[in-house]
Structures are given as structure tokens and as C-alpha cells.
Amino acid sequence: MDVALAEPIRTFIEISEIWVPEGDRLVQAGGNYGGYGEFAAASGRESFAKGEGLPGKAWQEARPVVLKQFDGSYFKRTEAARAAGLTSAVAIPVFAAETLKAVLVLLCSDDDVRTGAIEVWAETDGLLMLEDGYYGAARHFEWVSQHTHFPRGQGLPGGVWAANTPMLMRDLGSGYKFIRADSAGRAGLTTGLGLPVPVPGGRTYVLTLLSARGTPIARRFELWDARASRVGVNKEAVLADGICAREGPLWDEDNPKRIAAWQGHIGKVLGTGLPVVEQGGAGIGPGYDTVVALPIYHGDTIAHVVAWYC
Amino acid sequence: MKKLVVIGAGMASGRVLEHLFERDPDAFEVTLFNAEPRGNYNRIMLSPVLSGEKSYEEIVIHDDAWYAQHNVTCRFGEKVAAIDCARKVVIGENGEVPYDKLIIATGSAPFIIPVDGHDLPGVITYRDLEDTNAMIETAGKPGASAVVIGGGLLGLEAAAGLRLRGMDVTVVHLAGHLMERQLDESAGYLLRKDFERRGIDVLTSASTKAIVGNGRVEGIELQDGTTIRADLVVMAVGIRPAAQLAREAGIEVGRAIVVDAQMATSDKDVFAVGECVEFQGALFGLVAPLYDQAAVLAENLLGGEASFVPKELATKLKVTGVDLYSAGDFNQGDDREEIVLRDATAGVYRRLVLEDNRIVGAVLYGETADGPWFFDMIKSGADISDMRDTVIFGQAYQGGEPLDPMAAVAALPDEAEICGCNGVCKGKIVNVINDKGLTALDDVRAHTKASSSCGTCTGLVEQLMVLTLGDKYNPAAVQPMCGCTDLGHDDVRRLIVAKELKSIDAVMQELEWKTSCGCAKCRPALNYYLVCDWPDEYADDYQSRFINERVHANVQKDGTYSVVPRMWGGVTSSTELRAIADVVDKFDIPTVKCTGGQRIDMLGIKKEDLPAVWADLGKAGFVSGHAYAKGLRTVKTCVGTDWCRFGTQDSTGLGVRLEKFMWGSWTPAKVKLAVSGCPRNCAEATCKDVGVVCVDSGFEIHFAGAAGLEIKGTEVLCQVRTEDEALEYIVALTQMYREQARYLERIYKWAKRIGYDEVRRQIVDDPERRKAYFDRFVFSQKFAQVDPWSERVSGKDKHEFKPMATLSLEAAE
């Protein structure tokens, strides 16, 4: 199995937080700040108007936004971030048709070993081109990615685009030998989660989270299918795919695990229509401390939920 | 402890062992042979491994620890050379193993089409992990391309996986649509569309002639001469049970190893399970019956009494993002009915096939949540009379109030988007209807643009009009084409162009046909519209034509046919007449008659003689007169200035020129022309679809005459000075008619409906438009002027001309 089995020393993403609209501002609605108490406190005092700060920019521009340098940027919590050693962030807006439901922000810190990738691919002239991405120490892979494009159906981004579903790839380093694979292999990237990011206006965005063994984005990934065409009209979801460093494969072709609204973290996403970021608690499962669960909408209904656990 | 030897560590035998160890772990001492150097893995999940969505480790069913735990002696990577039933030993490459009971589970081998080049390096089948890894390896070559031969389950999964791996992929499929054993044409269309959306080329009705390459595969050549470059050719055209070992051991083998309901072979101590068995004449390829067989065999090995009963099967395709479900028997039949639901926007197609109020087959595409529910009803044979009206909507809609689409529309908020193309919401439409007092759909289109582009929302807009206007709205103004659709001919024609629909399947899905395959009314019409609108891209569907157009002759009341060769402008020669006379004598044709269109009709020809008759006529230079066609029939002429004292122009010459320019074109209904050399009008041009009356100053062009069931004199289009102008105007007029008329609508009815002045406005007053019509006709003729008789002499549609016991007259014109 390509997902790291050993306990990671550090994860690629330091902080995950959720911002939801309240009136004309985005307010904090949860987050996993780990040991970054001061940054958490600063975040709790913050809110964002449309266009303001990183979450506000994702809202206004209705697209995922990658920010790789806080100093001198529109990022509002720069001092707290600097104090915490955070250097980069990605904001992912969650839209239900035209309506913003939330913005998920992932924050990372740089060092010489932390490797992974959070990429935003956007459709241009019939191809998916890299809009931006954060790669940590995987500099060569970053360069290769900047010079790569994906037609429909090819590679993880092209596959997500063609299928319009999230996908979980197992062997980034060995499979796509001419599409970034050598470089991915050298960077230790193994597991890739790709997901569509629907936004008003219909432009195609695909977000990919590429996980390395040493500093994984997560050690457990789950893809839940909540489309009525798959599960019927009830608010339910089936576990379409998943892999876990502790339990191995999570999928079962014949009897996929099914969950109803309000049942656990995934059920909470189905019930509220909002992302969930939780730390601690029995619901996360043994061996894991945090969970991020993100809804993906088709129109104004949840089609899928992707979740990752650390 | 008894000795059990198992040959083959596949999914079926693996399931047998699981049952045995669960029930009685000490019953057998097991030795397991496997030619592959590994144990049991989930072979049907190789496709996600190929695509990278699963790892091999994830699909292992029994690992080394499992075999060790159950004391299984594994002889993996060792082929079995023979079975000696008399001595009760299995002879492996590394020695013999005695048995008390033997299970043969050798599975199947992929079928390889024996075309030239099938053994070149780079040509592989898709069966096991080695094949999968070989594909992954080849996909690593930059710019590599693959051809997958076979558009069934396995081939399509391979194609999608290779595409994800970064290859350019072409699927070559012999049948007319993908997965033809599991899907009907409509679902096949959606599947093809999905694969094409992934960047995969799909060629159907394509037969492989050869695989080419110098030392390694470089491409394939199809029967039609097309060549496709390929670094990898995957053959996924079916499997063949691996029964050779059993056959050589003297065990009864038919198409596969013959077993009884207890899974016993002709040798009482030898059993077989899986793809290598034949039970009551049936073979098995899907996993569900194999697992049933495994349970039966385990029970019987432990002294029980279980019997295998084949069940209905359901099919799923393991390609991420493709949702299809197929179960039961979905073929049409006289005693069968169907219920069809389509949602073009969502890409949904559902079809249930009923027999005696019981579901016997289901095909679902796009929405598969109800698949297991339908499948259960197929298996149980449940009577669905009580829910017949709602069953197609699925399980969630049973037991409650019947669906009311109007209520759903009424409940939509004002900001709900109705027309996605033009961004028009419900509130705007309702407000415009109220403010402007609009009562017609066209008016709403004009004011809001809703429903004016792709037209998918037309139904919704009409429902809003009903909600807003009540009985003031009269939607009945549009006569549907037939019971298969609510759309009229004009809407269908408009949408075929607007949505670029280029096949009958595409029209039916995207315009939400209510039947799966259409009917005798809509199919010929659609076929014509598509031929007309996409002359270079649409492949004429001869199955959608009436019998006369299928056999290119006119069926008569006694079941024989009449044949009318073309005589350009009604002019013939002694050579032609002799050829006709020879044909009449040779084939003993009972009646020869002059037609009203100045041609010669040979009546009473047997169907099977038609190709030979045409061959002889063809040698004399004749082509089909299309006397059977919705197309250009005749151009009647008088002799004009060449011979007539009153002739003002060369009417014969113009007639011949017109006929040679326009023959072969398909039209909504038959088209007859005439050219008279002077106003005395000997060619009777003023009762034809299009007529020319020559005058001293030029040519008076007439149109919209009739002299059949109705009698009507023509309308004057205009007068022109030259023959060239006459040709241009007539051709443009014909093209306008081709593009705008409804199928089976003659020119005189069409022109009256749209207005004679409108025809003049477009053809006479608008030179640019006239030129455009002319150019489109000329383009279309490049594909239309093929003599159908000579095509059939060459063998096309030869099955149509085989003798039949009885002949139906119902489709005779």
C-alpha cells in the first residue's frame, strides 16, 4: 500500500479552518489549529468581507486561491502567521450553485523536508493548466507541474475533470511515467486526491492534494458518493473509495458502507451542507486526531463528500 | 483427512475454500495449483489497478498468511500438465499430487482474433496482473497510443484506464453500439458520449482487418481501409473456457466442462466451478453465478445436498463517473412493452421492458440508485400493475401521491433558473407573460430568449405558461411528430441543428424521446432530417427507411417489384431501349409500361432478381430512377426549340441539366419537375412541384403545384433570363424546401404553410441567402449522387434480396 503506514512526524498541512458567510462577512466556523494557539486566537477575532483577506478573495473571485507569501499580501493575519511559522495557504470556496456555503482554508509551513502538493488546475482552451500550487520542498515537481497540462480523461486532474467526481489515485510515483511521474516519485509523492471545485460561472477547477510518505497530507482518505442517482432521494452517502494507513482499503464493491445525514462527521456534512473540521473526539476513529470533510456540490445539492484524517 | 486438490486459484475456487474452511476447517487437506505465480485476487478489480485508482495489494483476496493459516499447500506458478482420473492424481510440472476430490477451476482464456499481426509484440489481452502491468508499462512511453479492440465491459474499462494513464486511446468495436449485450442503443449512445468526453475515440461497426507493425505493433488496419496508429493493442473481444486439461483427462467437455447442478463433472470425484464450466448449455462470465456455484460445491463436498440454479444477472461498469446498470432481457418483442424515461440535461436514460405486467429487463444510465430494486423485481417476477404509471421513477416514488410535474414547477422560487443557455429565471418569464399578455411560446421566446437556444427548457417554459395563463394557453397548436415525443417536426428540425445532433440515438436522448427506439413514424423522419442537415457526417440508417427505399424499387400488390431506370429529361435511345428489352426477356418481366414522368416501368420483378436486373441495366448506363424515393423523381420535358415550331428555349436541355444536377437528393417528399418549351405547356409544368415555362424573354419559374390527390396550379416564383439563373433558383428553392419542410410534406403544402411570399422573399429577394441554399445543396450532392443500384450490385445490403416466404405490403406507398 502506498499510503504511509508509519506514524508521521509532521503533516504537510498544519492548520485547517472553515469560514462561513454571516451577513456580508465570513466568520470562523471551526478549525483544527493544532498547537498554534495564538494563531487560533487571532483567527477567532477575525472576520472577512467579500474580497477581504484570503477567504474573502476566494469568495469574491469564486475560485480556489493559493497564497505562497503572506508578507505584503492581502493576507490579514500575517503577523500571527509569521509567529507560528506559517508561510502558505490555500482557500477553497464551497459553492452550492451560486451560493457560497463556506471557505475551507488550509495553511502550511515551509521547511527543507516537508513535501506534498496542493494544486489548483483550471481549464483553459480545452486543457487543464496549473493555476497555482503549493509544493513545500518539492521544487522540481513544482517546476514540472508548471509545465504540464492535462487533456480530458488524462491523469488525476484530467480524470476528475472528465468524470466530474473526486478520485483517489494510489501510485503517483510509478504510474504516470511521463506525466510528472518521475518527479513525483523522486519527491516521494504517492497518493493523490483530486476533486472538482464547482464555482458560479461554470469555469472548471480541479483541486489536487498529493500526499508524500514522510509528511503526508493525511493517512486516511475517504470518498463518499451522495448523489441521488447513486443513493436515492434520502440524504445518504456510500463510501465509494477510501484507503487508510491503519485499516487498508476502505472500499467494498458489493456492500459499500452507507451513512445517513447527521451520522458522524460525514453525516454532519450531509445534514448541514457545510465542511467539517474537527479535532479529537471518538467519532474520528482510533489512531486519528483530526478530520477534514468537504462537500462537493452538483448544482445546489451535495454530490460527494471527501474526507481526510490525520 | 481427505485430500482435496484445486487447480486454479481464482475467485470461484477461492470462495469454495472460504466456505469449506468456515464450515469444517479439518475436512480437507488442500493443495492449490495456480499457473499465475500468486494466489487469489479480485480479478474484476484489475481495471481500477490499471487506472491507478487501486493498488494490487488492495485487491488481494487471500494473502500468504491466509493460505498458511488454513494449511493450504500452495503450488503457485506451477502449471498442471495432466490429470489422471484413474489413478486420482494431478500431475504438476514439479510432480504428482494424489487427490480424493478434485476441483477444476481453470477459468477462461481470452479470445484472440486471428488476424494478421495478432502475435506481434505489443498485442496483449486483458486477463491478469501481468497484462495489467504490461499496459501500465507501455503507457509510460511519452506520446504512446493504444487501440482497444472490443467495446464490451472489459475493453471499455481498459480504455478508460489507459486514458487515465495518459495514452491516446481508440476503441474499435464490431457492433453498432458499445456493450451491445448489456445495453440498448440509447444507453450505448450515452456511454459513447461519455467516453468521447474523456478524449477516447470510439469507432463502432468497425472490423479489424489486420494488426500491422515491423517487429512490434505499430497500428491496426480496419476493413474499410482506415489505419490507426498504436503502440499497444489490447484485445478484449471475449473469453473462451479453459477446458483443455479436463478434455485430455477424459472428462466430458462441451463448450466447457460439463457439470450437473451439484457442480460434479462426468467423473464423480472431479468437480468444476467458474468460467470453465458449462451448465445446461450455459457459460458464465460474471462473478455472481460463480460465487453461487462455489457455495453449492462447498456444501456438496461437505456431504450436503445443494443445487446450482442460474439467476438473472446485473451488469455494472467500473469506470469512475459512469453510472450504468443493466439487468435481465431488454430485447423487443411483440408481447413486450416498454417504459422509457429520459432527462437530456442530466444525461439520464431509464428503460424498463415489461411482459405481462412484469419487468423482464432494465437499462439504467446516469441514475442507477434504483437498479437493485428493479433487479429484485425482475428476479421475483413481481406484478407491477398497481404502480405501472410511476414505476419508472423508482422506489422512492411508490406508495405516495402520483408525481405532479406542475406542482414541482409551481414550487420553484422566482429566482430558479429555467433557461440555462440564456440565464432566464422563472420570475422573469412569469412577469413577462403577465406584463405583456403573452399567450404563445414564440412570444415568450422573443421577449425573454428562454427556450430559444437549445430548447431543452421548452417543456418547463410551457408549464410556466400553463401555470400563469391557465386555459388561456393553448399548447395544442403544436402537433407532436408521433407518440414518441411531444415535440413537433419544426422543433425537432430546429433542435437537431441547434444542438448539433448527428445520430438518431442522439436525437432521441437529447430531445427526451419517450420510447427507446422510436417508431415507424419518427424514425424515417429523423433519418431524413439528419441526412439533410449533416450530409457529410450522418450515416444513413437504412433500417429507418420504408421498404421501397430499402430495396430501391416499388413493391407491388403481389409482392413483386417494379423497376424504373432514369431517363434524363425523358430522352432515350435505341441502345437503352434494346437494353431494357433484353432485361425484360432475360428476367421474364411480365409488364412494361410508360410512366407519366416519361420513363419506362418494368413491373413484376421478383425481389431476389433485383440485383441482377440492376446489374444488366447498369451495364447499359442506367442508374436508378428513384421512382420509389422521397427525392427527385422525374424532370418531364417537351422537345423545345430543337424540334418544336413553337419552342422558345431548349426545354429538353434544361430538363436534362436539372435532372443531372439534382438526382440522388433526398427530400421531405417526392419532387417532380417539368420544363415546358413555351406557354402551351406540353410538359404540364404548371401542376408540378417545380415547373419551368419557357418564354421568349427567358424562363418563368413556378412552384407548389399538385396533380395527385389534390389538384393545384403552381404559383409563379419569378422570371429569369438565363438557364444558369433558372438552375440556381430552382436548386435554392429545393434546398429551402429540404431544410424547412416536415417529412412527407409536399412542396405545395409546405409553401402554403410558410407563405408563398416568404418563399419569394428568401429565394428571389435575398441573393445571399439564395446563394447559401444553392451552395448547401451542391455540398450535399457530393454525398448523395451515388447510384444505389450499382451499390447493391456490389453486394451492399444483400440480405435484403434473399428470397422470403411471405412479403408484407403494409409499408407500401
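All residue numbers refer to positions counted from 1 along the written sequence of the respective chain. Here the convention is simple: chains get letters from A, ligands get numbers from 1, in the order in which they are written. At least 70 in pLDDT is required for a residue's local features to be given in this predicted model, at least 80 for side-chain atom pairs to be given and counted, and no such filter applies to totals for whole chains, interfaces and linings, which use all residues. Neither water nor hydrogens contribute to the side-chain values; these are computed over all heavy atoms in the structure.

## Quick notes on the overall build of chain B
Okay, so step 1: To qualify as a helix, a DSSP run of H or I must reach at least 4 residues; to qualify as a strand, a run of E must reach at least 2; elements of each kind are numbered from the N terminus. A tally of regular secondary structure across chain B gives 26 helices and 38 strands.
Okay, so step 2: Dimensions of chain B, computed from the C-alpha atoms along their principal axes, are close to 115 × 75 × 55 Å.
Okay, so step 3: Buried, partly exposed and exposed residues are distinguished by accessible area as a fraction of the type maximum, computed with a 1.4 Å probe on protein chains only: under 20%, between the cut-offs, and over 50%, respectively. Looking at chain B as a whole, 54% of its 813 residues qualify as buried.
Okay, so step 4: Surface accessibility in these figures is a Shrake-Rupley result with a 1.4 Å probe; residues are shielded only by whichever protein chains are displayed. Summing over all exposed atoms, chain B offers an accessible surface of approximately 34,700 Å²; the carbon and sulfur share of this is 49%.
Okay, so step 5: In this tally, Lys and Arg are treated as positive and Asp and Glu as negative; His is ignored, and so are the chain termini. For charged residues, the charge sits on one atom: NZ in Lys, CZ in Arg, CG in Asp, CD in Glu. Of the charged side chains in chain B, 91 are positive and 119 negative; the average position of the first set lies 5 Å away from that of the second.

## Quick notes on the nonpolar core
Okay, so step 1: For the purposes of this section, nonpolar cores are sets of buried Ala, Val, Leu, Ile, Met, Phe, Trp, Tyr and Cys residues that join through side-chain atoms within 4.5 Å. Within the largest apolar cluster, 98 residues are counted, with the highest numbers of intra-cluster contacts made by B:Leu162, B:Leu191, B:Phe195, B:Leu317, B:Trp513 and B:Val563.
Okay, so step 2: The contact rule is simple, with two residues in contact once any of their heavy atoms fall within 4.5 Å. Residues in contact with B:Trp513, not counting those within four places in the same chain, are B:Val340, B:Arg342, B:Met481, B:Cys484, B:Thr485, B:Val492, B:Val507, B:Met508, B:Gly518, B:Cys522 and B:Leu526.
Okay, so step 3: The next biggest cluster of nonpolar side chains, apart from the first, holds 86 residues, and it includes A:Phe39, A:Ala89, A:Leu294 and A:Ala307.

## Some thoughts on helix H10 (residues 371-380) of chain B
In an α-helix, one turn spans 3.6 residues; hence positions three or four apart end up facing the same way.
Okay, so step 1: Within the sequence span of H10(B), burial applies to B:Gly371, B:Trp373, B:Phe374, B:Phe375, B:Met377 and B:Ile378.
Okay, so step 2: B:Gly381, located one to two residues past H10(B), shows a positive phi value of around 65 degrees.

## Thoughts on the packing of aromatic side chains
Okay, so step 1: Only Phe, Tyr and Trp rings are paired, with Trp represented by its six-membered ring, and only when their centres lie within 6.5 Å; those with planes under 30 degrees apart are stacked, over 60 edge-to-face, the remainder tilted. Overall, the coordinates contain 23 aromatic pairs over all chains when judged by the stated rule.
Okay, so step 2: Considering the side-chain rings of A:Trp19 and A:Phe48, the 4.8 Å spacing of their centres and the 80 degrees angle between planes classify their relative orientation as edge-to-face. With A:Trp19 in strand E1 (residues 15-22) and A:Phe48 in strand E3 (residues 47-49), the pair connects residues that are 29 residues apart, well separated along the chain. You'll find A:Trp19 and A:Phe48 in the same group, each marked buried.
Okay, so step 3: Here the aromatic rings of B:Trp614 and B:Trp789 are separated by 5.5 Å at their centres, their planes lie at 10 degrees, and the arrangement is stacked. Taken together, the residues span a long stretch of sequence, with B:Trp614 in helix H20 (residues 610-619) and B:Trp789 in helix H26 (residues 788-793) at a distance of 175 residues. The same class applies to B:Trp614 as to B:Trp789, namely buried.

## Notes on the interface of chain A and chain B
Okay, so step 1: Residue-level contacts link 35 residues of chain A with 35 residues of chain B.
Okay, so step 2: Salt bridge criterion: a side-chain nitrogen from Lys or Arg within 4 Å of a carboxyl oxygen from Asp or Glu. The salt bridge partner of A:Arg227 is B:Asp323, with a shortest N-O separation of 2.5 Å.
Okay, so step 3: Between N or O atoms, a polar contact is any pair within 3.5 Å; within protein, one atom must be a potential hydrogen donor and the other a potential acceptor, and residues adjacent in sequence are included only when both atoms are from side chains. Viewed at the interface, chain B and chain A are joined by 14 residue pairs in polar contact (both at pLDDT 80 or more).
Okay, so step 4: Where the side of chain A that touches chain B is concerned, the elements lending two or more residues are helix H5 (155-163), strand E10 (167-169), helix H7 (177-187), helix H8 (228-231) and strand E14 (236-244) of chain A.
Okay, so step 5: The element that contributes the greatest number of residues to the side of chain A that touches chain B is H5(A), accounting for 5 residues.

## Let's talk about the pairing of strand E31 (residues 600-605) of chain B
Residues and elements named next belong to chain B.
Okay, so step 1: Here E31 lies mainly inside the structure; 5 of its 6 residues are buried.
Okay, so step 2: The pairing criterion is simple: DSSP has to find at least two bridges between the two strands. Alignment of strand E29 (residues 561-563) against E31, held across 3 bridges, turns out to be antiparallel. Bridging across to E31, serine 562 finds its partner in leucine 603.
Okay, so step 3: Alignment of strand E30 (residues 591-594) against E31, held across 4 bridges, turns out to be antiparallel. Residue pairing for E31: cysteine 594 is matched across the bridge by isoleucine 600.
Okay, so step 4: Between E30 and the antiparallel strand that follows it, E31, lie 5 residues; glutamine 598 among them carries a positive phi value of about 65 degrees.

## Section: helix H14 (residues 458-469) of chain B
Residues and elements named next belong to chain B.
Okay, so step 1: Over its 12 residues, H14 runs 16 Å from end to end, which matches the ideal 16 Å to within 8%, given 1.5 Å per residue.
Okay, so step 2: Turning to H14, its buried residues are Thr458, Val461, Leu464, Met465 and Leu469. The buried residues of H14 all sit within an arc of 120 degrees when viewed along its axis, so they share a single face.
Okay, so step 3: Note on H14: the residue one or two positions beyond its end, glycine 470, has a positive phi of about 60 degrees. Helix span is expected to be 1.5 Å times the residue number reduced by one. Note that the arc is computed from the directions linking the helix axis to the C-beta atoms.

## Re the domain arrangement of chain B
All names here are of chain B.
Okay, so step 1: These domain limits were set by an automatic method or by a database of domain assignments. In terms of domains, chain B is made up of domain 1 (2-109 + 241-301), domain 2 (112-237), domain 3 (323-403), domain 4 (551-628) and domain 5 (632-784).
Okay, so step 2: For domain 1 and domain 2, the distance between their C-alpha centroids amounts to 30 Å.
Okay, so step 3: Taken residue by residue, the interface counts 16 residues in domain 1 and 15 residues in domain 2.
Okay, so step 4: Buried area is a sum: the accessible area each of two parts loses on coming together, probed at 1.4 Å, counted once for each and added. Overall, the association of domain 1 and domain 2 removes approximately 1,300 Å² of surface from exposure, summing both partners, and the carbon and sulfur fraction of that is 57%.
Okay, so step 5: The largest share of the area that domain 1 buries against domain 2 comes from Leu46, Ser47 and Leu50, three residues that together contribute 45% of it.
Okay, so step 6: Linking domain 1 with domain 2 are 2 salt bridges.
Okay, so step 7: Across the pair glutamate 130 and arginine 38 runs a salt bridge whose closest N-O atoms are separated by 2.5 Å.
Okay, so step 8: Inspection of the domain 1/domain 2 interface yields 10 residue pairs in polar contact (both at pLDDT 80 or more).

## Quick notes on the sheet that holds E3(A)
Residues and elements named next belong to chain A.
Okay, so step 1: The antiparallel open sheet is built from 6 strands, whose spatial order is E3-E2-E1-E6-E5-E4. Strand pairing shows two members of the sheet lacking a second neighbour, E3 and strand E4 (65-67), which therefore form its edges. Looking at each pair of strands side by side, their axes are set apart by 25 degrees on average, direction ignored.
Okay, so step 2: With 5 bridges connecting them, E1 and strand E6 (residues 99-108) associate as antiparallel partners. Its bridge partner being in E6, glutamate 17 is matched across the sheet by valine 105.
Okay, so step 3: With respect to the sheet, helix H1 (residues 37-44) is in contact with E1, strand E2 (25-32) and E6, its orientation differing from that of E1 by roughly 5 degrees. Every axis in this analysis is a line fitted to C-alpha atoms, fitted for helices over the stretch in contact. Angles between the N-to-C directions lie between 0 and 180 degrees.

## A few points about the environment of B:Lys268
Okay, so step 1: One can find B:Lys268 in the loop between strand E18 (257-258) and strand E19 (270-272).
Okay, so step 2: Within the structure, the side chain of B:Lys268 is placed 3.2 Å from the side chain of B:Asp269, a separation counted as a polar contact.

## Looking at the sheet that holds strand E5 (residues 89-92) of chain B
Residues and elements named next belong to chain B.
Okay, so step 1: With respect to topology, 3 strands assemble into an open sheet ordered E4-E5-E6, the strand pairing being antiparallel. Two strands bound the open sheet, and with one partner strand each, they are strand E4 (80-84) and strand E6 (95-98). Strand-to-strand twist across the sheet, computed as the mean angle between neighbouring axes with direction ignored, equals 20 degrees.
Okay, so step 2: As paired elements, E5 and E6 share 4 bridges and run antiparallel to each other. The residue of E6 that forms the bridge with glycine 92 is glycine 95.

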